[in-house]
Amino acid sequence: NAEEQRRLSAASSPTGGPVLVLVLVLVLVLVLPAGQTPFTENIENRTGPVRSGPVRNVSRAAIIPLIPERNQDDPLVLIPSCLDFSRGSLSGDLCEDLCVGGLVEYQRCLYYENGKKVMEARWRGNRVILKSKLENFSSYEPLGLLDYQETGEELSALDVVLYATLEVRNSLGLAEEEEEEGGGRNGSLWRQKLKLREKSYSRAELGSLWALLQQEEYTFLRVLQDLSPHVAQVLGSCGHFYAVEFLSAGHAWDQNLFSMDEVPGHAGGSGRWSSRLVVHRIALSFMDMVRHFDNDFTHKLHLCDVKPENFAVRKDLTVVAIDVDMAFFEPKMRDILEQNCSSDDDCNFFDCWSRCEAERRRCSPRRRNTNLQVICEKIFRPWFSPTVLGAKAGLPLQVELQRAVQDCSETDGDEGGARRVHQRLLAVLRALLQEEVAPEDRKWTEDEPESVHMALNF
């Protein structure tokens, strides 16, 4: 309906305000030469050297013959990036392997609608996910600064950082006070990073960076990947397409929600760890993710679309948010929630709920439910229901866990109550692990180290 469309529009609208020092530093990392980027190192460590950046003096004829050799059902055939790469219009550390080396192999299409593409592929033998919000490189707004640039004139690193920072700020909706919190360290951190880039940026590099920064999910993942273990890693890019680590998403129809096949120590049920033990360890990682998103940035990070399909689990049982289109920091969350209303039902934005203030006929900008409350309702309840637990459902700790999950899912607007429920759930899950794991595996049951909050985190 019209109201929902308006809310979706609000979710994607930019808000003002400078970004913190750390975002500035990370933006500089984004625009470093491809050979110096962390994601290139990530691939190198596993697969050998990756030649980075655009190929010099590569003719169009050297690239085009590779495309017809692919299966014509291959969605990579539809990607015009290689043509643009051959013309020198775009760049990236994935381009040469995709367009010249034939080292990117299509596996299957996961999503294709309204120009957005999500594909599984293999890059140098490693499974990756290729993504782009819009189908064509030309569909993205060009960097306007280039229109006013005289022929032969070069953009300074400072110009690039300033424009990229504004785009990151708009995409994440960060608040104005963040610049002030960085204090006097701004200048020194900027100078340290600017020294890493001695040459100017080509138009291909600038155009590619600008297309990537217009994709909110890319910006979100790229900025947070060095700060959080709970988001998917960006591994590389070519023009407007970017590659992220491959992780198997959860499924609501799976009794365990997440596949146990690749979990070390479980091995499809034949290992020393039971499925329930693995589930409890994954639940603890969900708890850690909630604590991390609630406390470790200057602003809370709100998850407004919680379902198994939007999360995955690494082999070390770390929970990872793999679809963050509906994740918002507090300033943007408040803008989304504060809308006209006639009842509380008008104030529900997917899994993020507010209340209608009758006097103002406006939704409160303050979210009334929490990340943990929604995870308890949509993830923990199916896991720890008596139907799934079977004969173990009547055991004292399992009964206590079911009660804690029930209370957690019904906690509404009470921050003190939410903290108590969080601690209660944590205590029960750790107690269950103490019962189930061997002594050498009990490091997961130890107390979590206290997180140190720093303004530079955001």
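These lines cover the structure that appears in this document, whether it is placed above or below. These numbers come from a predicted model, not from an experiment. Starting from 1, residues in each chain are numbered consecutively following that chain's sequence as written. The predicted origin of the model limits local features to residues at a pLDDT of at least 70 and limits the giving and counting of side-chain atom pairs to 80 or more, whereas totals for whole chains, interfaces and linings rest on all residues. Note that the side-chain values use all heavy atoms of the structure and ignore hydrogens as well as water.

1. Side note on the sheet that holds strand S3 (residues 126–132)
Read from one edge of the open sheet, 5 strands run S1-S2-S3-S5-S4, paired in antiparallel fashion. A strand with exactly one partner marks an edge of an open sheet, and here the two such strands are strand S1 (104–113) and strand S4 (234–238). For this sheet, the mean angle separating the axes of adjacent strands, direction not counted, is 25°. Across 4 bridges, the pairing between S4 and strand S5 (residues 241–245) is antiparallel. Bridge assignment links Cys238 to a residue of S5, and that residue is Phe241. Strand pairing is assigned whenever DSSP identifies at least 2 bridges connecting the two strands. Helix and strand definitions follow DSSP, with helices as H or I runs of at least four residues and strands as E runs of at least two, each counted in order from the N terminus. Axes, fitted as lines to C-alpha atoms, cover a helix only where it is in contact. Angles between the N-to-C directions of the axes lie from 0 to 180 degrees.

2. Description of the pattern of salt bridges
Just to be clear on terms, a salt bridge is a Lys or Arg side-chain nitrogen sitting within 4 Å of an Asp or Glu carboxyl oxygen. This structure, assessed with the given rule, holds 20 salt bridges. The shortest N-O distance in the salt bridge between Arg127 and Glu120 comes to 3.1 Å. Two residues, Glu377 and Arg381, come together in a salt bridge whose shortest N-O distance is 2.9 Å. Residue Glu377 and its partner Arg381 are located together in helix H14 (residues 371–383), separated by 4 residues, close to a single helical turn. Between buried and exposed lies partly exposed: a residue is buried under 20% and exposed over 50% of the maximum accessible area for its type, with that area taken using a 1.4 Å probe on protein chains only. Residue Glu377 is classed as partly exposed on the basis of its relative accessible area, which comes to 36%. Here the salt bridges share partners, and the residues they tie into one network are Arg108, Glu120 and Arg127.

3. Points about the side chain of His302
Relative to the helices and strands, His302 is located in strand S6 (residues 301–303). Residue classification places His302 among the buried positions, given a relative accessible area of 7%. Definition of a polar contact: a pair of N or O atoms within 3.5 Å, with one able to donate and the other able to accept a hydrogen when the atoms are protein atoms, and with sequence-neighbouring residues admitted only if both atoms are side-chain atoms. Side chain to side chain, His302 and Glu330 meet in a polar contact 2.5 Å long. Should any heavy atoms of two residues lie within 4.5 Å, those residues are considered in contact. Look past the residues within four positions of His302 in its chain and what remains in contact with it is Met326, Ala327, Phe328, Phe329, Glu330, Met333, Cys352, Arg367 and Asn371.

4. What about helix H11 (residues 216–224)?
Counting buried positions over the 9 residues of H11 gives 8, a clear majority of the element. Buried residues of H11: Glu217, Tyr218, Thr219, Phe220, Leu221, Arg222, Val223 and Leu224, and no others.

5. Some thoughts on the layout of surface pockets
Looking at the largest pocket, its volume works out to about 1500 Å³. Mapped by element, the contributors of at least two residues to the lining of the largest pocket are helix H1 (2–12), S1, strand S2 (116–123), S3, helix H7 (157–172), H11, S5 and strand S9 (327–329). It is S1 that contributes the most residues to the lining of the largest pocket, 4 residues altogether. For the lining of the largest pocket, the class distribution of residues is 22 nonpolar, 9 polar and 14 charged. Here a cavity means grid points, on a 1 Å grid over the protein atoms only, where a 1.4 Å probe fits yet cannot get out; a pocket means an open set of points with protein on both sides within 12 Å along at least five of seven lines; lining residues are those with an atom within 4 Å of a point. Grid points are joined across faces, edges and corners, and a volume is the space filled by probe spheres set on the points. Considered as a void within the structure, the second largest pocket measures approximately 690 Å³ in volume. Looking at the second largest pocket, it is lined by 27 residues, and the ones nearest its centre are Asp294, Lys300, Thr370, Ala418 and Arg419. Of all the elements in the fold, those that place two or more residues in the lining of the second largest pocket are helix H12 (275–295), S6, H14 and helix H17 (415–436). Ranked by residues supplied to the lining of the second largest pocket, first place goes to H17 with 6 residues. Among the residues forming the lining of the second largest pocket, the class breakdown is 5 nonpolar, 10 polar and 12 charged. Any residue outside Ala, Val, Leu, Ile, Met, Phe, Trp, Tyr, Cys, Pro, Asp, Glu, Lys and Arg is labelled polar, Gly included; the first ten of those are nonpolar and the last four are charged.

6. Description of the pairing of S4
Regular strands have side chains that alternate between both faces of the sheet. Counting buried positions along S4 gives 5 out of 5 residues, so the element sits mostly inside the fold. Hairpin connection, S4 to S5: the antiparallel pair is bridged by 2 residues, and Gly239 has positive phi, about 60°.

7. Some thoughts on empty space enclosed by the protein
Counted by the stated rule, this structure contains 3 cavities of 30 Å³ or more. The volume enclosed by the largest cavity comes to roughly 80 Å³. Lining the largest cavity, in full, are Leu303, Cys304, Asp305, Asn310, Phe311, Ala321, Asp323, Val324, Asp325, Met326 and Ala327.

8. With respect to helix H10 (residues 203–213)
H10 sits mainly inside the fold: 9 of its 11 residues count as buried. Residues of H10 that are buried: Ala204, Leu206, Gly207, Ser208, Leu209, Trp210, Ala211, Leu212 and Leu213.

9. Focus on unusual backbone geometry
Unlike most non-glycine residues, Asn114 shows phi in positive territory, near 50°. Tracing the backbone shows Asn114 in the loop between S1 and S2. Positive phi outside glycine occurs at Leu317, with the angle close to 70°. Mapped onto the elements of the fold, Leu317 is located in the loop between strand S7 (311–313) and strand S8 (319–321). Assessed through its relative accessible area of 1%, Leu317 is described here as buried.

Limitation: the analysis is restricted to geometry and does not speak to function.
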